Amino acid sequence: MSPNQKKIKSMLDWLYGLLNNRRASIVPAAIGLALAVCLLALLGVFIRQSAANMTERAVLGISPDWQVQMVGTTDISAAEAAAKSIAGFKSLAIVDYADVISLSSTKDGTTQTTGAAKTLGLSSNFIDEFPKQFRLLSGSLSGVLLSQQTAANLHAVPGDTVTSARLGQTPLDVKVDGVVELPNADQLFQIVSATPQAAQTAPPDNVVLLPQGQWREAFQSQLENLPQTAQRQIHVAHDHKVLPNNPTDAFITAQEMANNLSAKLAGSGVIVNNLAARLDGVRQDSLFARVLFLFLGIPGAIIAILLTVLVVLSTADRRRREIALLQMRGADTPQILKTLSVEALVVGIGGALVGVIAAGMLAPIFVKGPLIANDFVWFACSAAIGLAASLFVFLVPSWFALRRTALENTAQTRLVIESQPAWQRLWLDVFAVVGAFLIFWQVSATGYQVVAAPEGVATATVDYKAYAAPALLWIGCGLLLMRLFSSFLLNDTGFLKVALTPFAKAFAKLVSASMAREQGRITKGVVLVALAMSFATSTAIFNTTYEHQSTIDATLTNGADVTVSGTIENPASGVLDIIRKSNGAVAAELMQHRYAYVGNDLQDLYGIDPVTIGKATAMSDAYFGNADAKATLASLQATPDGVLVSDETVGDFQLKEGDTINLRLQFGSDRAYHVVPFKFIGIAREFPTAPKDSFLIANAKYIAATTGISTSEIVLIKALIEPSVLADNLRSSLADHKGLTVSDLSEAVHRIGSSLVAVDLRSLTGLELAFAIPLVAGAIGLIFALGLAERRRSFAILRALGATSQHLGAFLWSEALVVYTFGTSAGLGLGWALAWMLTKLMTQVFDPPPDTLYVPWTYLVMLCLAGLAAVSVAVLTQLRHQNEPLTSAMRAV
């Protein structure tokens, strides 16, 4: 047999011996590694799919992707050809814009006149290609259309005649065919300028939409002779499937596509890239999601690897003896490392394979959508990380053992007086905890942006230093707990003896002394249990808070679980009785939605009943400037003419509480705007259905009394059943009532799809929380299983001295109580602190920020019970092992 064959045979014999005699340590180590690999693999899939979902949701609501305004020419043929040549082109339509002096309408002998207005000419395919630009309120979508506010100003309905006062031409009379809402008016009427930083203005209050042929007949000369008052645009839609899945890559691609068109236009057109603008905001959210996923997932993988480390360390004595034996037989360092690497490879390869297979099996359960090639690349990377971790935790301690002599390696570890670890001597645990709170204080005090996406820059970056706070807190508290608990066991003055007397009885003093002797192993167990519990607790609390705020965010957008919206002409208050009698409607409350002029600024005005509004929709403290919803609504109720004003309006008009604000509201008597005094009593930062910038909130009774219009345009509904089901029921019940729209929370989630709060973390956290239970149970169980060798020696001596199983059980149950109680308590506290800190750091994400953390008590109780069950199983298993013959047990001494 050749030397190489001998070496191979020797390695195979070693491997055979390991598999036959070391399964008790190899299997737990491989399982811990498999958990880490599986969690890392699935985490990568979540990150990839979350980015893709955010991109898909973001571009879903864009209409159109580009607005190309012609410059210096009215001939659009070349621009159309250029737009159609861009990769991913889907469709286009033409929109012409013209300024008019005013609009007027005469009805019942009374003439209503508006201020300056816009008249749009739409190509015949515009409504079909961009249906999200319109919502029909009455009449037909074909022909001449009025915007909702214009129809209200002119008292016009379908069939009426509206006159446009054209610039330098005779007035133009048109017959109204329909009234529409313009949901994307800000985008439709945005300023198109060659200067990216051009200031944006509010959309016009008065709009008439004409068929393109009719518009060109009336305004073509104005377009040619007064180009500063009329424009021609091409609205372009793309097939979004050409965009990469990642929002940042999609943003870059959208910019490059627009640059391509810009080069082909050669200055004849200016592009407003709505697609890139939307993706510009989403790429910031995608980085938030990535950081969030990593922070929630990586600790679980670390704990799983620590379980493997704990298994490896438990066999360190045996491995040192094996190294000593090989040294005495003349084996050199490379030979010994090769021999020992067999065990590391068995654990690493076995754990990696099991982890990857488990990830593939669990992916359809926890991950939405099919796996793609990139996911399998991540699976391979996770397996490689697991294998590298296995080699590291096995071979590094062996390397240090090889630096000792055979005699030193055969010495009993418990007789070797070791110095304090370097981290204890340097007080790194204390510095880490202090550093965590210093970083957190700095971030909180300065309002620092942990994710930066500079305007006009194609990349967004995460300032990971901000997330060093929770990372340092987790590590620092783990090390600090190790220091404190170890010191407690070594210097206990009798507390343990008293605490354990009910369980250990006469053995309480002996048990506490035994724990002091085994303080190293017990301390590691307490710390590992605490870290595992903190991972589960922080993930559960953060996820519950996140889900709660997701609902609040959707409610803020939609108004309530279900919302029925109408207009002044078709108010939702007329069907209030029908709504309240609907099956599944717990409460239904009215809310007025009017418009009011603050100076020359037209803003949304909401009229509510402060006493009852909270029955139908949540009134969060974060909605109001004083962070006290109850006090703010009470103040509004006590001040009939009171008004709550948005932050932006307060700043723009330099308002102070107590000031009188003269608003101009539309009266029912003549449909004209008249001055109504209000008293400024507080700030409203958010409010259901309100826009993000400027709005007003007042008492509905005061608005009705002063304007003479007592109806309400909106009904907010709290649902007892699934909101989407209630919404469908109401659509059927209200089918005969034209001009009313029913919406529910599920639709709101899609409308806020570019927000991180719209990202569904339920599957990810479900996976993590499912992993957390075996991690906690495994950590507790391993503490006892891996201490079997030490206990066998001690228990053999006790049995020889006459100890019974009941006496031995006192040791096990007492140790279990200490590890479980201290580890669980510390873990719950640390988990709450981590969830609190992470929530504060992620305040930018929540809209509005949470008032408090929401604790999932049911899950935490289940987690504690799972740990208690693991303790019981481990102790009972240990007691069963003590039934071996005394002669066999004595061989361990």
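Residues numbered from 1 in each chain as written. Predicted model: local features only at pLDDT ≥ 70, side-chain atom pairs only at ≥ 80, totals over all residues. Heavy atoms only, no water.

*Asks:* Can you explain the overall build of the protein? Please cite residues and give values.
*Replies:* Of the regular secondary structure elements, the protein holds 31 helices and 24 strands. Taking all contacts inside the protein whose residues are at least 6 apart in sequence as the whole, residues at least 24 apart take part in 82%. Carbon together with sulfur atoms contributes 60% to the accessible area of the protein, which is approximately 39,400 Å² in total. (Helix = DSSP H or I, 4+ residues; strand = E, 2+ residues; numbered from the N terminus. Contact = heavy atoms within 4.5 Å. Areas by Shrake-Rupley, 256 points an atom, 1.4 Å probe, with all protein chains shown as cover.)

*Asks:* With reference to specific residues and values, describe the environment of Val242.
*Replies:* For Val242, the location among the structural elements is in the loop between β12 (230–238) and α8 (247–265). For Val242, a relative accessible area of 39% corresponds to the partly exposed category. Sequence-wise, Val242 and Gly88 are 154 residues apart; in three dimensions their C-alpha atoms are separated by 5.9 Å. (Buried < 20%, exposed > 50% of the residue type's maximum accessible area, 1.4 Å probe, protein only.)

*Asks:* Tell me what's going on with the packing of aromatic side chains, and back it up with residues and numbers.
*Replies:* Tallied over the full model, the rule gives 14 aromatic pairs. Taking the centre distance of 5.3 Å and the plane angle of 45° together, the rings of Phe126 and Phe130 count as tilted. Neither Phe126 nor Phe130 differs from the other in exposure class; each is buried. A ring pair is formed by Phe488 and Phe495, whose centres lie 6.0 Å apart and whose planes are at 65°; its orientation type is edge-to-face. Among the residues examined, Phe488 registers a relative accessible area of 24% and is labelled partly exposed. With relative accessibility at 48%, the residue Phe495 sits in the partly exposed group. One aromatic cluster is present, formed by Phe485, Phe488, Phe495 and Phe822 through successive ring pairs. (Phe/Tyr/Trp six-rings, centres within 6.5 Å; stacked < 30°, edge-to-face > 60°.)

*Asks:* Run through the pattern of salt bridges, naming residues and quoting values.
*Replies:* Under the criterion given, the structure shown has 10 salt bridges. For the salt bridge of Arg232 with Asp96, the shortest nitrogen-to-oxygen distance reads 2.6 Å. Of this pair, Arg232 sits in strand β12 while Asp96 is found in strand β2 (residues 89–100), placing the two residues 136 residues apart along the sequence. A relative accessible area of 4% means that Arg232 is categorised as buried. Note that Glu713 is salt-bridged to Arg594, the shortest N-O span being 2.9 Å. Of this pair, Glu713 sits in the loop between α24 (700–707) and β23 (714–719) while Arg594 sits in strand β17 (residues 585–598), placing them 119 residues apart in sequence. Like Glu713, the residue Arg594 is buried in the burial classification. (Salt bridge = Lys/Arg side-chain N within 4 Å of Asp/Glu carboxyl O.)

*Asks:* Go over the side chain of Gln187, please, and point to the residues and values.
*Replies:* Here Gln187 lies in helix α6 (residues 185–188). Given the relative accessible area of 16%, Gln187 is considered buried. Those residues in contact with Gln187, other than ones at most four positions away along the chain, are Ser63, Pro64, Gln67, Gln133 and Asn274.

*Asks:* So, the nonpolar core: which residues are in play, and what are the values?
*Replies:* Core analysis: the largest hydrophobic core is formed by 79 residues, its most contacted members being Ile303, Met515 and Tyr859. With 14 residues, the single largest contributor to this core is helix α19 (residues 519–558). Look past the residues within four positions of Met515 in its chain and what remains in contact with it is Leu489, Leu496, Leu500, Ile522, Ser814, Glu815 and Val818. Residues Val68, Ile86, Ile94 and Met257 belong to the second largest nonpolar core, which totals 25 residues. (Core = buried A, V, L, I, M, F, W, Y, C linked by side-chain atoms within 4.5 Å.)

*Asks:* Lay out the sheet that holds strand β3 (residues 102–107) in plain terms, naming residues and giving numbers.
*Replies:* In spatial order, the strands read β4-β3-β8-β9; together these four strands make up an open sheet with antiparallel pairing. Every other strand in the sheet has two partners, leaving β4 (110–113) and β9 (172–175) as the edge strands with one partner each. The sheet shows a mean angle of 25° between the axes of neighbouring strands, direction not considered. Note: β3 against β4, four bridges, orientation antiparallel. (Pairing = 2+ DSSP bridges. Axes fitted to C-alpha atoms, helices over the stretch in contact; angles between N-to-C directions.)

*Asks:* Tell me what's going on with the sheet that holds strand β6 (residues 135–139), and back it up with residues and numbers.
*Replies:* Here nine strands make up an open sheet; going across it, the order is β6-β10-β7-β11-β5-β2-β12-β1-β13 and the pairing mixed. The open sheet has two free edges, formed respectively by β6 and β13 (269–273), since each of these has just one partner strand. Each adjacent strand pair in this sheet contributes to an overall mean axis angle of 25°, direction not counted. Bridge count between strand β1 (residues 66–70) and β13: five bridges; the pairing is antiparallel. Of the residues in β13, the one forming a bridge with Trp66 is Asn273. Strands β1, β2 and β12 of the sheet are contacted by helix α3 (residues 77–84), whose axis makes an angle of about 145° with β2.

*Asks:* Can you break down the pairing of strand β20 (residues 660–666) residue by residue, with the values?
*Replies:* Here three bridges tie β17 to β20, and the two strands are oriented antiparallel to one another. Bridge assignment links Tyr597 to a residue of β20, and that residue is Arg664. Sheet analysis places β20 next to strand β21 (residues 673–684), joined by seven bridges and oriented antiparallel. If you follow Thr660 over to β21, its bridge partner there is Lys679. The antiparallel hairpin formed by β20 and β21 contains six residues in its connecting segment, where Arg671 sits at a positive phi of about 60°.

*Asks:* Give me the lowdown on the confidence of the model for the protein, citing residues and values where you can.
*Replies:* Chain-level statistics for the protein give a pLDDT mean of 81 and a share of 83% at 70 or above. A low-confidence stretch, residues 452–460 stays under pLDDT 50, and its non-local contacts, those more than four residues away or across chains, total 19 contacts. Scored below 50 in pLDDT, residues 753–758 makes 26 contacts in the model with residues more than four places away or belonging to other chains. (pLDDT = per-residue confidence, 0-100.)

*Asks:* An account of the packing of helix α11 (residues 333–366) against helix α12 (residues 373–402) is needed here, citing residue identities and associated values.
*Replies:* As a packed pair, α11 and α12 sit with axes 8 Å apart at the nearest point and diverge in direction by 150°. Here α11 is positioned roughly antiparallel relative to α12, judged by the angle of their axes. When you trace α11 past α12, the crossing you get is right-handed. For the contact of α11 with α12, the residue count by class is 18 nonpolar, six polar and one charged. (Parallel < 35°, antiparallel > 145°, perpendicular 65-115°, else oblique. Left-handed = near helix turned anticlockwise from the far one by under 90°. Nonpolar A, V, L, I, M, F, W, Y, C, P; charged D, E, K, R; others polar.)

*Asks:* Quick one: what's the story with a negative patch on the surface, residue by residue and with numbers?
*Replies:* A cluster of acidic side chains, namely Asp186, Glu648, Asp652 and Asp693, defines a negative patch on the protein surface. Locating Asp186 in the fold gives a position in helix α6. Classification of Asp186 as exposed rests on a relative accessible area of 56%. (Patch = residues over 30% accessible without salt bridge, like charges linked within 9 Å, V, L, I, M, F, W, Y side chains within 5 Å. Lys, Arg positive; Asp, Glu negative; His and termini not counted. Charge placed at Lys NZ, Arg CZ, Asp CG, Glu CD.)

*Asks:* Hey, could you go over helix α7 (residues 212–225) for me, with residue numbers and the actual values?
*Replies:* Spanning 14 residues, α7 covers 18 Å between terminal C-alpha atoms, matching the ideal 20 Å at 1.5 Å per step. The largest bend along α7 measures about 60° and falls at Phe219. In this fold, the buried residues of α7 make contact with β2, β5 (117–122), β9, β11 (207–211) and β12. (Expected span 1.5 Å × (residues − 1). Bend = angle between axes of the 7 residues up to and from the residue.)

*Asks:* Provide a residue-level description of the packing of α3 against α8, including the pertinent values.
*Replies:* Contact geometry for α3 and α8: axes closest at 9 Å, N-to-C directions at 150°. In terms of orientation, α3 and α8 fall into the roughly antiparallel class. Between α3 and α8 lies a crossing of right-handed hand. On the side of α3, the interface is formed by Ala79, Ala82 and Ala83, while α8 contributes Leu261, Lys264 and Leu265.

*Asks:* Now, about a nonpolar patch on the surface: what can you tell me, with residues and values included?
*Replies:* Judged by side-chain polarity, Leu426, Trp427, Leu428, Val430, Phe431, Val434 and Leu438 come together as a nonpolar surface patch covering roughly 690 Å² of accessible area. For Leu438, the position within the fold is in helix α15 (residues 428–446).

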